[in-house]
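Summary of structural features
Single-letter residue listing:
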Protein chains: 2
Amino acid sequence: MIENTPLVRKLGAFVALLDPELSVLASLHKRRRTFVAGRDLVHQGQSDQAAYILASGWACSYKLLEDGQRQIVDFQIPGDFLGLRSVLLHVSDHSIEPVTDIEVTEVLAADLLKAFAQTPRLATAVLWAASRDEAMVVEHLVGVGRRDAAERMAHFLLELGGRLAWVGLGNTDGYACPLTQYHLADALGLSAVHVNRVLRQLREAGMVTFRDGFVAFDDYDQLIKFAQFDPSYMDQKGPFLP
Amino acid sequence: MIENTPLVRKLGAFVALLDPELSVLASLHKRRRTFVAGRDLVHQGQSDQAAYILASGWACSYKLLEDGQRQIVDFQIPGDFLGLRSVLLHVSDHSIEPVTDIEVTEVLAADLLKAFAQTPRLATAVLWAASRDEAMVVEHLVGVGRRDAAERMAHFLLELGGRLAWVGLGNTDGYACPLTQYHLADALGLSAVHVNRVLRQLREAGMVTFRDGFVAFDDYDQLIKFAQFDPSYMDQKGPFLP
DNA sequence: CCTAAGGACTGATGTCGATCAGCCCAGCAT
DNA sequence: ATGCTGGGCTGATCGACATCAGTCCTTAGG
């Protein structure tokens with residue numbers, strides 16, 4: 001029997017992966033490595049030979065400005081690629097920090113490109129996955145550009161919840177969330193102080209409570225409405241490349 | 001002789017395209033169509049069977065919020081895909097508006113997927129191109145999240161200049177730019193009023209002048225420094241998939 | 001010829017969120 | 001037991017940018 005990793009689940013949503021593809025995919029999983037929370041595994045500007053697939057834990061990718069400010073671009077949860085773009089572009093345009101201790105499997109650039117050459121359907125599947133990730137970055141951009149702090153926070157917590165539900169780590173009641181308020185601030189383009197106030201505001205409005213590493217949706221429907229959250233772009237469609 | 005379109009030039013930067021790939025690419029170019037400025041060619045929520053490759057003119061992709069605000073995610077210039085993500089994800093999560101009258105060639109979803117299956121290297125090349133585009137959206141996100149209005153504007157104008165230079169439509173002196181101040185506002189997450197003030201400020205500082213559809217870099221080096229612009233992520237690397 | 005409309009531009013006023021300057025608590029190390 | 005550190009939390013002040021309310025100019029249309 002072929003293994004059923006988070007990645008296989010993710011890609012399988014787009015193309016019905018056949019045995020040859022699955023075995024190529026399995027052959028990619030090389031060394032298993034672990035990293036401790038807080039110590040970057042990739043630095044901006046570094047040129048990389050390997051990408052990783054996140055097996056457990058949370059990470060975030062971010063960019064640093066010269067004045068020391070940082071913008072978190074995305075959080076990665078199990079099943080996500082780390083540093084795929086770095087490999088394709090030959091150099092990392094961002095840094096990656098584990099939010100918690102994490103486990104990853106290493107994928108060598110050469111192996112990945114070879115795998116694409118051998119199994120075009122796999123390349124298409126990865127392209128699709130990358131598109132979904134990009135759609136999320138775009139949504140993030142819209143939030144930072146055009147939503148006020150509270151809407152932005154609400155939207156962010158909902159999206160994260162959707163992604164987690166998606167890999168079995170959450171539901172409409174809530175989810176475990178190891179992020180600090182500083183992480184939220186850097187992701188949402190706010191100050192940590194203001195993040196705190198906004199969280200209080202949402203809590204007092206009876207919509208979400210984020211406390212002790214747990215996000216609880218107190219009134220899911222109201223929150224969706226408040227955030228103008230459109231769940232459709234996160235819908236899982238069945239495979240359409242047979 | 002195989003044709004040399006902007007797209008071929010773009011993809012050729014990553015993989016050395018061979019004759020079979022080039023002919024598959026050529027076979028993608030189906031109907032040629034034109035659209036007039038201002039009338040959307042793709043609507044948010046619409047499900048699409050076709051993507052386009054922009055042959056001439058400028059377009060922009062944007063998302064609309066319920067309250068009527070809009071965020072422009074990216075501008076497309078000749079050689080760029082329009083709506084590639086819509087095709088891959090089966091539904092468009094954004095709208096596309098031609099900024100000027102444009103010419104495009106249509107690419108049918110089915111043809112594209114078939115082309116990927118036949119020529120894996122082409123799929124890899126498109127994945128690479130998509131990664132570069134995503135890197136740009138990420139940079140955009142950083143700007144909107146963490147830079148003040150003037151830096152944001154400066155950075156944006158430089159990046160656009162880089163992309164245009166890249167397809168032969170500009171250089172370090174400046175470039176023709178059909179955008180209105182409203183476009184800039186919607187792209188940068190500012191009000192049109194403030195865009196105007198910021199442009200004045202940059203002009204009076206002797207860095208850039210944007211006037212009458214033309215962006216002139218008055219002091220390129222100073223502007224780069226001011227914007228903390230890192231040109232490296234736009235560097236053209238030679239092909240590395242032989 | 002006159003009007004309408006879009007785009008650039010400006011001053012006055014208002015507000016959202018940053019910044020500054022702190023307190024409190026839990027866990028951990030000396 | 002006593003600091004120290006990281007994270008959560010809070011009030012006061014300040015500033016960047018939005019909003020409002022216009023003017024001016026050019027082009028297009030009746």
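Residues numbered from 1 in each chain as written. Chains lettered and ligands numbered in written order. Predicted model: local features only at pLDDT ≥ 70, side-chain atom pairs only at ≥ 80, totals over all residues.

Before going further, it helps to spend a moment on the pairing of strand β6 (residues 95-98) of chain A. Residues and elements named next belong to chain A. What you see with β6 is no split at all: S95 and E97 on one side and I96 and P98 on the other are buried throughout. Bridge analysis of strand β3 (residues 59-64) against β6 gives 4 bridges, and the strand direction is antiparallel. Within β6, the position partnered with S61 by the bridge is I96. (Buried ≥ 20, exposed ≤ 12 C-beta atoms within 10 Å, placed from the backbone. Helix = DSSP H or I, 4+ residues; strand = E, 2+ residues; numbered from the N terminus. Pairing = 2+ DSSP bridges.)

Take the protein's contact with DNA strand C next. Taken together, 14 residues sit near DNA strand C, with A:D148, A:L190, A:V193, A:H194 and B:Q181 positioned nearest. Breaking the surface near DNA strand C down by element, the ones donating at least two residues are α8 (192-204) of chain A together with α7 (181-188) and α8 (192-204) of chain B. The element best represented in the surface near DNA strand C is α8(B), accounting for 4 residues. Here the residues of the surface near DNA strand C are counted per class, giving 6 nonpolar, 5 polar and 3 charged. (Near = placed C-beta within 6 Å. Nonpolar A, V, L, I, M, F, W, Y, C, P; charged D, E, K, R; others polar.)

Residues and elements named next belong to chain B. Strand order in the open sheet made by the 4 strands is β1-β7-β2-β5, with antiparallel pairing throughout. Each edge of the open sheet carries a strand with a single partner, namely β1 (32-35) and β5 (81-82). In this structure, β1 lies alongside strand β7 (residues 102-108), joined through 4 bridges in antiparallel fashion. Bridged to T34 within β7 is E103. Contacting β2 (50-56) and β7, helix α4 (residues 109-118) crosses the sheet at an angle of about 65° to β7. (Contact = placed C-beta atoms within 7 Å. Axes fitted to C-alpha atoms, helices over the stretch in contact; angles between N-to-C directions.)

The next thing to look at is the domain arrangement of chain A. All names here are of chain A. Segmentation of chain A into domains returns domain 1 (6-133) and domain 2 (147-234). If you look at the interface, domain 1 gives 13 residues, while domain 2 gives 11 residues. Looking at the side of domain 1 that touches domain 2, the elements with two or more residues in it are β3 and β4 (70-76). Counting residues per element, the side of domain 1 that touches domain 2 draws most heavily on β4, at 4 residues. Along the lines of polarity and charge, the residues of the side of domain 1 that touches domain 2 split into 9 nonpolar, 3 polar and 1 charged. (Domains from an automatic or database assignment.)

Next up on the list: the packing of helix α7 (residues 181-188) of chain A against α8(A). Residue and element names in this part refer to chain A. The N-to-C vectors of α7 and α8 enclose an angle of 105°; their axes lie 8 Å apart at closest approach. Taken together, the axis directions place α7 and α8 in an arrangement best described as roughly perpendicular. Contacts between α7 and α8 involve Q181, Y182, L184 and A185 from the former and A192, V195 and N196 from the latter. Across the contact of α7 with α8, the residue classes break down as 5 nonpolar, 2 polar and no charged. (Parallel < 35°, antiparallel > 145°, perpendicular 65-115°, else oblique.)

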